[in-house]
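Single-letter residue listing:
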Amino acid sequence: MDAITIPHGMETEAGVGLPDKKLGMWIFLCSEVMFFTGLIGGYIVLRFGAPMWPVPSTVLNVPLTAFNTFLLICSSVTMVLALAAIQKGDVAKTKRFLVATCLIGASFLGVQVFEYHHLLMIEHFTPSKSLFGSVFFTTTGFHGFHVFCGVVCMTFVTIKMFRGKYSQQDHQGIENIGLYWHFVDLVWIILFTVIYLI
Amino acid sequence: MEIPEGPSHTPHRAPRYMAIFWWLLALTVLEVFASMKLPIGEGPKIVLLVSMAIVKALLVALYFMHLKFERLSLGVTVSLTLVLALILVTANLMQWLFHSPSTVMPPR
């Protein structure tokens, strides 16, 4: 029987032909799909099952959130450009795009905190005020938590980038955090439509 | 015994990321406009808005997450998750369709 020797640090490929870490990230994202489907599915049932439901635009600040959506889309672009840059070996550009992604992601969180503050303190729209308030804060709050985790991980990856840990040949960390970040963007695209626009 | 090597995705030209960005931006503006200004019924409006959101989500998944260029096995794995998610939402909607609102949200 032949023995397989795997050098230390070498990426192995699983049955689907992906590096282990990348496959792990995709499996994690699949579980996240089910998590957010539960939240969004619950929202849909409550929304259409309730005898009374406010028009979202009368309670929520749609233009502000549209701007926040724009921010998240921008951060997705800078993220994918960072990956494209490291794949070409352009380290300086990769650093710039990673820093931009961190800053734009943090800006998204800042706008969300401002929105929450305005709703809670000025509009007195609290989770306990109505069913809409309850599901709104639960769903957008969990998404915001995901963005927060993404910004923290992105900062960690950016620091590693500045320390020279990634290169054209080895950039799996950047690709994985990118997948997570795009997924968070994708979920927000759905949430923005379902909660704010419909 | 050699370990099989090879790229985890098919070789491809880099997508035009800025073009995807402009599409996403345009669809977002259209969504907000349709939601606030378009004088159509609620049903068609929901279909229109959800359709645009699905197109945006697909653009992100296919081009930014590179799902279009990954191996078919990954696409199948992810698709199975989406099928399960669809079943979950459909099962939820069945409750809304076949039960009165009072069973979904009991009166206090």
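Remember, it's a predicted structure, so these values are computed and weren't measured experimentally.

Draft legend 1. How the structure looks around the overall build of chain B. When its secondary structure is counted, chain B shows four helices and zero strands. Across chain B, helices and strands are ordered from the amino to the carboxyl terminus as α-α-α-α. Here chain B, with 108 residues, has 18% of them falling under the buried criterion. Summarising the internal contacts of chain B: among those between residues at least 6 apart in sequence, 55% fall at separations of at least 24.

Draft legend 2. Quick peek at the interface of chain B and chain A. The partner chain A presents 43 residues to the 41 residues of chain B that form the contact. Take the side of chain B that touches chain A: its biggest share by element is 14 residues, from helix α3 (residues 72–98) of chain B.

Draft legend 3. Expanded view of the packing of helix α3 (residues 62–88) of chain A against helix α4 (residues 91–122) of chain A. Residue and element names in this part refer to chain A. Contact pair α3 / α4: the axes reach a minimum separation of 8 Å and the direction vectors enclose 160°. In terms of axis orientation, α3 runs roughly antiparallel to α4. Every pair of crossing elements has a handedness; the one defined by α3 and α4 is left-handed. Across the contact of α3 with α4, the residue classes tally to 15 nonpolar, nine polar and two charged.

Draft legend 4. Quick peek at the packing of helix α1 (residues 20–49) of chain A against helix α5 (residues 131–162) of chain A. Residues and elements named next belong to chain A. For the pair α1 and α5, the least separation of the axes is 10 Å and the interaxial angle reads 165°. On the basis of the axis angle, α1 is roughly antiparallel to α5. Judged by the sense of rotation from one axis to the other, the crossing of α1 with α5 is left-handed. Contact with α1, carried on its side by L39, G42, Y43 and L46, involves L131, V135, T138, T139 and F142 of α5 and no other residues of that element. Split by residue class, the contact of α1 with α5 holds six nonpolar, three polar and no charged.

Draft legend 5. Spotlight on α3 of chain A. Its 27 residues give α3 of chain A an end-to-end C-alpha distance of 39 Å, which sits within 8% of 39 Å, the value for a rise of 1.5 Å per residue. Where α3 of chain A terminates, the next one or two residues include G89 of chain A, which has phi positive at roughly 85°.

Draft legend 6. The environment of V62 of chain A, seen in detail. Secondary-structure assignment places V62 of chain A in helix α3. As for V62 of chain A and F36 of chain A, which are separated by 26 residues in sequence, their C-alpha atoms are 21 Å apart. Ignoring anything within four residues of it in the chain, the contact list for V62 of chain A reads S57 and Y196 of chain A together with V32 and M36 of chain B.

Draft legend 7. Spotlight on the confidence of the model for chain A. Looking at chain A, the pLDDT average stands at 90 and 92% of residues meet or exceed 70. When pLDDT is averaged over each element of chain A, α4 of chain A comes out on top at 96 and helix α2 (residues 56–59) of chain A at the bottom at 89.

Draft legend 8. Geometry of α5 of chain A. All names here are of chain A. Over its 32 residues, α5 extends 46 Å from the first C-alpha to the last, a length consistent with the 46 Å expected when each residue adds 1.5 Å. Of all the residues in α5, the buried ones are F132, V135, F136, T140, H143, V147, G150, V151, M154, V157, T158 and M161. Turning to α5, the residues buried within the fold contact α1, α4 and α6 (172–197). Among the residues trailing α5, G164 stands out with phi positive, at a value near 80°.

Basis of the calculations
- Position labels on residues start from 1 in each chain and follow its written sequence.
- Naming scheme: in the order in which they are written, chains are lettered from A and ligands are numbered from 1.
- Thresholds applied to this predicted model are a pLDDT of at least 70 for local features of residues and 80 or more for the giving and counting of side-chain atom pairs; totals over whole chains, interfaces and linings are not thresholded and use all residues.
- Each helix corresponds to a stretch of at least 4 residues labelled H or I by DSSP, and each strand to a stretch of at least 2 residues labelled E; elements are numbered beginning at the N terminus.
- Using C-beta atoms placed from the backbone, we call a residue buried if 20 or more other C-beta atoms fall within 10 Å of its own, exposed if 12 or fewer do, and partly exposed for counts in between.
- Here, residues touch in the contact sense if the C-beta positions derived from the backbone fall within 7 Å of one another.
- Convention adopted: a line fitted to C-alpha atoms gives each axis, helices being fitted over their contacting stretch, and angles between N-to-C directions are expressed from 0 to 180 degrees.
- Convention used here: angles under 35 degrees read as roughly parallel, angles over 145 as roughly antiparallel, angles from 65 to 115 as roughly perpendicular, and any remaining angle as oblique.
- In a left-handed crossing the near helix is turned counterclockwise from the far helix by less than a right angle, and in a right-handed crossing that turn is clockwise.
- Amino acid classes used here: Ala, Val, Leu, Ile, Met, Phe, Trp, Tyr, Cys and Pro are nonpolar; Asp, Glu, Lys and Arg are charged; the rest, including Gly, are polar.
- To estimate how far a helix should extend, the number of its residues minus one is multiplied by 1.5 Å.
- Per-residue confidence from the predictor is reported as pLDDT, which spans 0 to 100.

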